Amino acid sequence: MSKEHKEHKEHKAKDESRERAQDEAPQEKADAPSDGRMKRKVYEPELEKLQVELVELQEWVRREGRKVCVVFEGRDGAGKGGVIKAITERVSPRVFQVVALPAPTERERSQMYLQRYIPHLPAAGEVMIFDRSWYNRAGVERVMGFCTQDQAKQFLEGAPAMEKSIVQSGVILLKYWLEVSPDEQTRRLQQRIDDGRKIWKLSDMDLKSYSRWYDYSRARDDMFLATDTPWAPWFVVRSDDKKRARLNIIRHLLSRIPYEPVKRRKVTLPERQKAEGYKEPDYPYKWVEEAY
């Protein structure tokens, strides 16, 4: 037996052993957190129903040429990325588009602050989702010293008028703040350190920000005081339980938009053409190894 064949057999035996262990494990262990958080078997059917509604919303936005802008803010580890993924994983990326801008370039730093965000506002038939937004100036830039206190103050004074203009132009603007507790934030950031699949989520900036919990609390309080307006209110979501937070946000988002189901024609698959003498070629395809 060749060395490669032997190693293949050993890997296969390990895979089969792992599969048996997973199959024999009690289902509750995988599905049910012991701390009272929502179970997966409850979460997934509810998410599926809400995602069907998001598709209905998508078709209405597209048909009616409506414009929707959704802003997600919160501390590092609050769960913004997971919420956005739950919203967008079953809809068209041409309609639901995610905006997650990198650090500004030298040129962008010389522009009017809001200038780099305005091109990303929705046009007709679009839902633009901001994974962090112009509120960077009220939060991370202020706390980490990337702008002056005067610049942060000017932003807070001007943001309500800017958002009023956005709303008056026909955009449905929704702003969500995900509120995570100190202990839960610590648990999530530590998990990123320990998990090789998540370590990329942890930047040097996250580590610096982590130590400034109360600076961020003060910045959040000032932001709410200045920009929680009748035309663009802040909606706050408890996010220690990620699954509940995702469902609550999607349900709330759907309730804030007056969409209606779009009638669709009945779809049936057409008949597939006959082979008419076609035969599969005897070609040496380079098949991917079926390791699973």
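Student: Can you tell me about the overall build of the chain, naming the residues and giving the values?
Tutor: Summing up its helical and strand segments, the chain has eleven helices and five strands in all. Considering the chain as a whole, with its 292 residues, one finds that 38% of them fall into the buried category. For the chain, the proportion of contacts with a sequence separation of at least 24, taken over those separated by at least 6, is 78%. Put simply, the chain shows about 19,700 Å² of open surface, and 51% of that area lies on carbon and sulfur atoms.

Student: Give a description of the environment of V236 that names residues and reports values.
Tutor: Tracing the backbone shows V236 in strand β5 (residues 234-238). Look at V236 and you get exposed, because its relative accessible area is 51%. Once residues within four sequence positions are removed from consideration, V236 is found in contact with W177, E179 and F224.

Student: Describe the nonpolar core, and please don't skip the residues or the numbers.
Tutor: Grouped together as the largest cluster of nonpolar side chains are 37 residues, with contacts concentrated most on L57, F72 and Y176. Taken together, the elements giving at least two residues each to this core come down to α3 (40-64), β1 (67-74), α4 (80-88), β3 (126-131), β4 (171-179), β5 and α11 (242-255). When neighbours within four sequence positions are excluded, F72 is seen to be in contact with K80, V83, I84, I87, I129, F130, D131, R132, Y176, L178 and I249. Core analysis: the next-biggest nonpolar cluster, separate from the first, contains 22 residues, Y113, Y117, M128 and W177 among them.

Student: Quick one: what's the story with the confidence of the model for the chain, residue by residue and with numbers?
Tutor: Taken over all residues, the pLDDT of the chain has a mean of 89, while the share at 70 or more is 88%. Per-residue pLDDT stays below 50 along residues 21-30; that stretch engages in one contact with residues further than four places along the chain or on separate chains.

Student: Give me a nonpolar patch on the surface: which residues, what numbers.
Tutor: Together, I193, I199 and W200 make up an exposed nonpolar region whose accessible area comes to about 350 Å². Owing to a relative accessible area of 40%, I199 belongs among the partly exposed residues under this scheme.

Student: A description of the packing of α3 against α11 should follow, citing residues and the corresponding values.
Tutor: Where α3 meets α11, the closest approach of the two axes is 10 Å, and the angle between their N-to-C directions is 25°. Overall, the two elements α3 and α11 adopt an arrangement that is roughly parallel. The two elements α3 and α11 meet at a crossing, and its hand is left-handed. Each of R40, Y43, E46, L47, L50, E53, L54 and L57 in α3 lies in contact with α11, whose residues at this interface are K243, R246, L247, I250, R251, L253 and L254. Of the residues in the contact of α3 with α11, the class split is nine nonpolar, no polar and six charged.

Student: So what's going on with α11? Residues and values would help.
Tutor: For α11, with 14 residues, the first-to-last C-alpha span of 20 Å sits near the 20 Å given by 1.5 Å per residue. Three or more residues of α11 are buried, namely A245, R246, L247, I249, I250, L253 and L254. Where α11 is buried, its residues meet α3, β1, α4, β4 and β5. Put simply, D241 is the residue that caps the front of α11, since its side-chain oxygen is 3.2 Å from the backbone nitrogen of K243.

Student: Tell me about the packing of aromatic side chains, and name the residues and values.
Tutor: Tallied over the entire structure, the rule returns 13 aromatic pairs. Relative to W234, the ring of Y135 lies with its centre 4.8 Å away and its plane at 65°, an arrangement referred to as edge-to-face. On the criterion of sequence distance, the pair formed by Y135 in the loop between β3 and α6 (140-144) and W234 in strand β5 is long-range, its members being 99 residues apart. Residues Y135 and W234 agree in their burial class; the two are buried. Members of the aromatic cluster, each reached through a chain of ring pairs, are Y113, Y117, F130, W134, Y135, F155, W177, F224 and W234.

Student: Provide a residue-level description of unusual backbone geometry, including the pertinent values.
Tutor: Despite not being glycine, R132 has its phi angle at roughly 70°, a positive value. With respect to the helices and strands, the residue R132 is situated in the loop between β3 and α6. What makes R132 partly exposed here is its relative accessible area of 24%. Notably, E276 is not glycine yet its phi reads approximately 50°, a positive angle. Tracing the backbone shows E276 in the segment after α11. We classify E276 as exposed; its relative accessible area is 76%.

Student: Go over empty space enclosed by the protein, please, and point to the residues and values.
Tutor: Rolled over the atoms, a probe with the dimensions of a water molecule shows which regions are left empty. All chains considered together, the criterion is met by two cavities of 30 Å³ or more. Approximately 40 Å³ is the volume found for the largest cavity. In terms of lining, the largest cavity is formed by R75, D76, Q185, S209, Y210, W213 and Y216. Of all the elements in the fold, those that place two or more residues in the lining of the largest cavity are α9 (204-210) and α10 (213-227). Class assignment of the residues belonging to the lining of the largest cavity gives a composition of three nonpolar, two polar and two charged. Estimates place the volume of the second largest cavity at around 40 Å³. A total of three residues in the lining of the second largest cavity trace back to one element, the largest contributor, which is α11. When the residues that make up the lining of the second largest cavity are grouped by side-chain class, the tally is four nonpolar, two polar and two charged.

Each value, and the rule that gives it
- Residues numbered from 1 in each chain as written.
- Predicted model: local features only at pLDDT ≥ 70, side-chain atom pairs only at ≥ 80, totals over all residues.
- Heavy atoms only, no water.
- Helix = DSSP H or I, 4+ residues; strand = E, 2+ residues; numbered from the N terminus.
- Buried < 20%, exposed > 50% of the residue type's maximum accessible area, 1.4 Å probe, protein only.
- Contact = heavy atoms within 4.5 Å.
- Areas by Shrake-Rupley, 256 points an atom, 1.4 Å probe, with all protein chains shown as cover.
- Core = buried A, V, L, I, M, F, W, Y, C linked by side-chain atoms within 4.5 Å.
- pLDDT = per-residue confidence, 0-100.
- Patch = residues over 30% accessible without salt bridge, like charges linked within 9 Å, V, L, I, M, F, W, Y side chains within 5 Å.
- Salt bridge = Lys/Arg side-chain N within 4 Å of Asp/Glu carboxyl O.
- Axes fitted to C-alpha atoms, helices over the stretch in contact; angles between N-to-C directions.
- Parallel < 35°, antiparallel > 145°, perpendicular 65-115°, else oblique.
- Left-handed = near helix turned anticlockwise from the far one by under 90°.
- Nonpolar A, V, L, I, M, F, W, Y, C, P; charged D, E, K, R; others polar.
- Expected span 1.5 Å × (residues − 1).
- Polar contact = N/O pair within 3.5 Å; in protein donor to acceptor, adjacent residues only side chain to side chain.
- Phe/Tyr/Trp six-rings, centres within 6.5 Å; stacked < 30°, edge-to-face > 60°.
- 1 Å grid on protein atoms, 1.4 Å probe; cavity = no way out; pocket = protein on both sides within 12 Å on 5 of 7 lines; lining within 4 Å.
- Points joined across faces, edges and corners; volume = space filled by probe spheres on them.

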